[in-house]
Amino acid sequence: MQNKVNKDFWFRIESLSVEVTGSCNFVTYCVPGFQGNFVVDCGMFIGKEEQKYNYDLSFDPKQVSHVFITHSHSDHCGRIGCLYNKGYQGKVYASEYTSEKLKTDAMRDFFSMRRTSEKLLYEEEDAKSIINQTEKLELYKTYQISQYLEVILLENAHQKGAVMYLFTLKYNGRRIRVLFTGDYKFKSFFGKSYFPIETYDDPITIVTEATHGTRKVPERKFKKIVKKAIRDGKKLLIVALGDARYEEPVYRIKEMKEDGKIPFSVPVFLELKRNFDISKMNLEILPANVTFCQKTIEREYALYYQAQSILVCTNRGSLTYYLEKVIDKSQYVIIFTMHVTANSLTDTYINTLKGNKVRVGKKELIKKASLFQTDEFSGHDYEAWIIKLLKRFTNIQGILLEHGAFESKQDLQKGLTSKLRTNVYTLERGQAFKITEKGVRYSK
C-alpha cells in the first residue's frame, strides 16, 4: 500500500499473539511520502482460552503487501488462509523447506479443519492460494521488498527450515534495522551453531522470544524415565511432534541401546507422516531394531504389538488416535518431549491424577498411564544462549520480547535489562512499538 504521509522515518510493530500461540506481527514502515505494511508470521491460537482469537485480525489484509513466515509450526503459519479469505492478494515468503511444507500441507490442513471445526476460518480456495502464492527465498541473499525496504534471511536451529528476518529501512543515507528471530535456537542437535558468525555494529532493534524466561537448561531426565519404564516392563509412547523434533529423543534411545542401558531387542516403532520422505532421513540417529510406520496397518501393528516396545509419534494428526488407545492403559508410560503450554490439552492430560477422567478427542477415559514431560529437547533457547545471540550486536536500540507466558516475559525482561544494560520491552497482544533512528517507544 502506498499513501502520502507526513515526513517521517520509522517502523511500527503491533503484536497479535497471546503468550505462546498465535504468533503474528503487523509491521508498518514509513519514509517521507511512502508507507507500506507487511506481516511476520500468522499463526493459529492453540490453547482453549485463546482459540476465540483465531477469528480476529486487527488489521486489514487488503492493505498488506508481503507476508513472511519464520517456520512451519502451526502457531506461526496456521492462519495464512485467513489472510487470503479476508482479501490478501500478495505472496507468502519463507525458506525453501518451509515454503514447500506450507504448500504440501495446505489442502490437508484445510480438510482437517473442515472435519473438526464447527466454524471454518477460511475456504478451500484460500488453501489453494497458499499453494499458488507461496515462494521461497534463499538464505543470506538480500531481497528488495520496495524502493526503501530490504530483507535478508538468516538461518536458525529452532527446527528444519526455520529462519530469522533482518529488515533494513533506507532513505537518503539513513537506516533503521529490525531483526525478527522467530522461535530461536542457537545450536542444532548435531552441534552446528547458527548465526551470527560476525558482530553487527549498526544500530538495531531485536524482536525475539521469551518461552523459557530466565530458566537454565532443564534437568536431563528423558533417559532416566525410559530406563525405568523398560526395567519395569512398561511400554512407551514418546511424543515428539515435528519433522525433525524426533531426532534427538530417537538418538538418545540409540545411545541407551549401545550403552547397554536398555536391551537391543526392544523394538522401536517410528511413526512418520505418510508423505515423509524416508530416503532423506539421517541414518546416524536410528537405533537398532527400528521399524517405520506410515500406513494405517503399520500404526496398528505398532500399537498392538504384544511385547514391550517403544513407539515414537511425530505426527500431530495421529496423536489423538494413539492417546485414545493408551492413556487408559496402566502398562503405558507416555513422554511429551516438547514445551507444554499452561492450560492446554496436553497440560490437562499430564496434571490429571490417575483414576480421574480425561477427555481425549470425543472420548472420556480414565487416566491410568503414567505421563511425563521434558523440555530438554526444546527448540527454544534458554537465557544464556539468548544472551549469546544478543551480544553479537554491539548497538542494540531495544529488545522486544514475544512468544512467552506473561511471567516468562517479565522474568527475561528483568534478566536482560540487568545483564545487557539496554532497553527491554514485552510485546503483548494489542500493543505496538515505534522504532526510529533515536530508539524504541510505545505507539498507539
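Computed from a predicted model, the values in this text were never measured in an experiment. (Residues numbered from 1 in each chain as written. Predicted model: local features only at pLDDT ≥ 70, side-chain atom pairs only at ≥ 80, totals over all residues. Heavy atoms only, no water.)

Novice: So what's going on with the environment of Ala229? Residues and values would help.
Specialist: Looking at the element boundaries, Ala229 is found in helix α5 (residues 222-231). Note on Ala229: relative accessible area 3%, which makes it buried. Once residues within four sequence positions are removed from consideration, Ala229 is found in contact with Lys234, Leu236, Gln308 and Val333. (Helix = DSSP H or I, 4+ residues; strand = E, 2+ residues; numbered from the N terminus. Buried < 20%, exposed > 50% of the residue type's maximum accessible area, 1.4 Å probe, protein only. Contact = heavy atoms within 4.5 Å.)

Novice: Now, about the packing of aromatic side chains: what can you tell me, with residues and values included?
Specialist: Counted by the stated rule, this structure contains 26 aromatic pairs. Ring geometry for Phe110 against Tyr122: centres 6.1 Å apart, planes inclined by 40°, an arrangement best described as tilted. Here Phe110 is found in helix α3 (residues 96-116), whereas its partner Tyr122 is found in the loop between α3 and α4 (124-133), with 12 residues between them in sequence. Owing to a relative accessible area of 2%, Phe110 belongs among the buried residues under this scheme. A relative accessible area of 5% means that Tyr122 is categorised as buried. With a centroid separation of 5.1 Å and 25° between ring planes, the pair formed by Phe186 and Trp385 is classed as stacked. Placement of the pair is Phe186 in the loop between β10 (174-180) and β11 (204-209) and Trp385 in helix α10 (residues 383-390), with a sequence separation of 199 residues. Phe186 gets classed as buried once you look at its relative accessible area, which sits at 7%. Through a chain of ring-to-ring contacts, three or more aromatic side chains come together here, namely Phe9, Tyr29, Phe34, Phe38, Phe68, Tyr93, Tyr148, Tyr165, Phe167, Tyr171 and Phe180. Sitting over the ring of Tyr55, Lys119 keeps its end group 4.6 Å from the ring centre. (Phe/Tyr/Trp six-rings, centres within 6.5 Å; stacked < 30°, edge-to-face > 60°. Lys NZ or Arg CZ within 6 Å of the ring centre and 35° of its normal.)

Novice: Outline the side chain of Gln294, supporting the account with residue identities and numerical values.
Specialist: Along the polypeptide, Gln294 turns up in the loop between β14 (290-293) and α7 (296-303). Those residues in contact with Gln294 that sit more than four places away from it in its chain are Leu272, Lys273, Arg274, Phe276, Ile278 and Arg299.

Novice: Which residues make up the environment of Glu100, and what are the values?
Specialist: Take Glu100: it is sitting in helix α3. Relative accessible area serves as the criterion here: at 41%, Glu100 is assigned to the partly exposed category. Sequence-wise, Glu100 and Thr134 are 34 residues apart; in three dimensions their C-alpha atoms are separated by 8.3 Å. A polar contact of 3.2 Å, which involves the side chain of Glu100, links it to the side chain of Lys103. (Polar contact = N/O pair within 3.5 Å; in protein donor to acceptor, adjacent residues only side chain to side chain.)

Novice: Any chance you could break down the nonpolar core for me, citing the residues and the numbers?
Specialist: Formed by 53 residues in total, the largest nonpolar core has its most connected members in Phe11, Ile13, Phe38, Phe59, Phe68, Phe167 and Leu169. Contact partners of Phe68, with chain neighbours within four places excluded, come to Phe38, Val39, Val40, Asp41, Tyr93, Leu137, Ile145, Val151, Tyr165 and Phe167. Formed by 26 residues, the second largest nonpolar core is a distinct cluster that contains Tyr322, Ile334, Val360 and Leu365. (Core = buried A, V, L, I, M, F, W, Y, C linked by side-chain atoms within 4.5 Å.)

Novice: Which residues make up the pattern of salt bridges, and what are the values?
Specialist: Counting across every chain of the model gives 28 salt bridges. With its nearest N and O atoms 3.9 Å apart, the salt bridge here joins Lys185 to Asp381. Of the two residues, Lys185 sits in the loop between β10 and β11 while Asp381 sits in the loop between β19 (370-373) and α10, which places them 196 residues apart along the sequence. A salt bridge links Arg231 to Asp232; the nearest nitrogen and oxygen atoms lie 3.9 Å apart. In this structure, a network of salt bridges that share partners links the residues Lys101, Asp105, Arg108 and Asp109. (Salt bridge = Lys/Arg side-chain N within 4 Å of Asp/Glu carboxyl O.)

Novice: Describe the layout of surface pockets, naming the residues involved and giving the relevant values.
Specialist: Approximately 640 Å³ is the volume found for the second largest pocket. Along the wall of the second largest pocket there are 33 residues; nearest its centre are Ala157, Gln159, Lys160, Ser188 and Ala244. Looking at the lining of the second largest pocket, the elements with two or more residues in it are α3 and α6 (247-258). Split by residue class, the lining of the second largest pocket holds 12 nonpolar, 10 polar and 11 charged. (1 Å grid on protein atoms, 1.4 Å probe; cavity = no way out; pocket = protein on both sides within 12 Å on 5 of 7 lines; lining within 4 Å. Points joined across faces, edges and corners; volume = space filled by probe spheres on them. Nonpolar A, V, L, I, M, F, W, Y, C, P; charged D, E, K, R; others polar.)

Novice: Summarise the confidence of the model for the protein chain; cite the residues concerned and give the values.
Specialist: Looking at the protein chain as a whole, its pLDDT mean stands at 91, while 96% of the residues score no less than 70. Below pLDDT 50 for its whole length, residues 1-6 participates in 18 contacts with residues either more than four positions away or in separate chains. (pLDDT = per-residue confidence, 0-100.)

Novice: So, the sheet that holds strand β21 (residues 424-426): which residues are in play, and what are the values?
Specialist: An order of β7-β8-β9-β10-β11-β20-β21 is seen for the seven strands of this open sheet, with the pairing classed as mixed. Among the strands making up the open sheet, the edge pair consists of β7 (142-144) and β21. Direction aside, neighbouring strands of the sheet carry axes that sit 20° apart on average. Two elements, β11 and strand β20 (residues 396-402), share six bridges in a ladder whose sense is parallel. Note on β20: the bridge partner recorded for Val207 is Leu400. Contacts from helix α11 (residues 406-420) reach β11, β20 and β21 within the one sheet, and its direction differs from that of β21 by about 175°. (Pairing = 2+ DSSP bridges. Axes fitted to C-alpha atoms, helices over the stretch in contact; angles between N-to-C directions.)

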